[in-house]
Amino acid sequence: VLVGDSFLLGSCVDKKDTITGNLEKISGSNKVLNLGYSGNGPLIEYATLKEFLPLVSAEYVIWIY
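Being a predicted model, the structure only gives us computed values, none of them experimental. (Residues numbered from 1 in each chain as written. Predicted model: local features only at pLDDT ≥ 70, side-chain atom pairs only at ≥ 80, totals over all residues. Heavy atoms only, no water.)

We now examine the layout of surface pockets. What the largest pocket holds in volume is close to 390 Å³. Every residue lining the largest pocket is counted, 15 residues in all, and those nearest its centre are Val 1, Lys 31, Val 32, Glu 59 and Tyr 60. Among the elements that take part in the lining of the largest pocket, helix H2 (residues 19–27) stands out by supplying 3 residues, more than any other. In the lining of the largest pocket, the residues fall into 10 nonpolar, 3 polar and 2 charged. (1 Å grid on protein atoms, 1.4 Å probe; cavity = no way out; pocket = protein on both sides within 12 Å on 5 of 7 lines; lining within 4 Å. Points joined across faces, edges and corners; volume = space filled by probe spheres on them. Helix = DSSP H or I, 4+ residues; strand = E, 2+ residues; numbered from the N terminus. Nonpolar A, V, L, I, M, F, W, Y, C, P; charged D, E, K, R; others polar.)

Quick look at the structure:
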């Protein structure tokens, strides 16, 4: 699970060139969940994480701040 703001979202970038796309290439699977969105601050990122984390079985959480 990746949590962050517009930098993580990768606006106007091909998916294969985003942080999520590169992590999927490295891991060899497409099981990377990107919860980044433009305009998110630390409090909204934390709220997003608290809401979505119980719904997925995440091995790792990477918070890009």
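Turning our attention to H2. Looking only at H2, the buried set comprises Thr 20, Gly 21 and Glu 24. Taken end-on, H2 shows its buried residues confined to a sector of 100°, consistent with a single buried face. Away from the buried face of H2 by more than 90 degrees, exposed residues Lys 25 and Ile 26 are located. On its buried face, H2 is in contact with strand E1 (2–3). Gly 28 lies just past H2 and shows a positive phi near 80°. (Buried < 20%, exposed > 50% of the residue type's maximum accessible area, 1.4 Å probe, protein only. Arc of directions from axis to C-beta. Contact = heavy atoms within 4.5 Å.)

Scanning the entire structure with this criterion turns up 2 salt bridges. Here Glu 24 and Lys 15 are joined by a salt bridge, their closest N and O atoms 2.8 Å apart. For Glu 24, a relative accessible area of 16% gives the class buried. The salt bridge partner of Lys 16 is Asp 17, with a shortest N-O separation of 3.5 Å. Residue classification places Asp 17 among the partly exposed positions, given a relative accessible area of 43%. (Salt bridge = Lys/Arg side-chain N within 4 Å of Asp/Glu carboxyl O.)

So, about a nonpolar patch on the surface. Together, Leu 33, Phe 52, Leu 53, Leu 55, Val 56 and Val 61 make up a nonpolar patch on the protein surface, roughly 470 Å² of accessible area in all. Note on placement: Leu 53 falls in the loop between helix H3 (42–52) and strand E2 (62–63). (Patch = residues over 30% accessible without salt bridge, like charges linked within 9 Å, V, L, I, M, F, W, Y side chains within 5 Å. Areas by Shrake-Rupley, 256 points an atom, 1.4 Å probe, with all protein chains shown as cover.)

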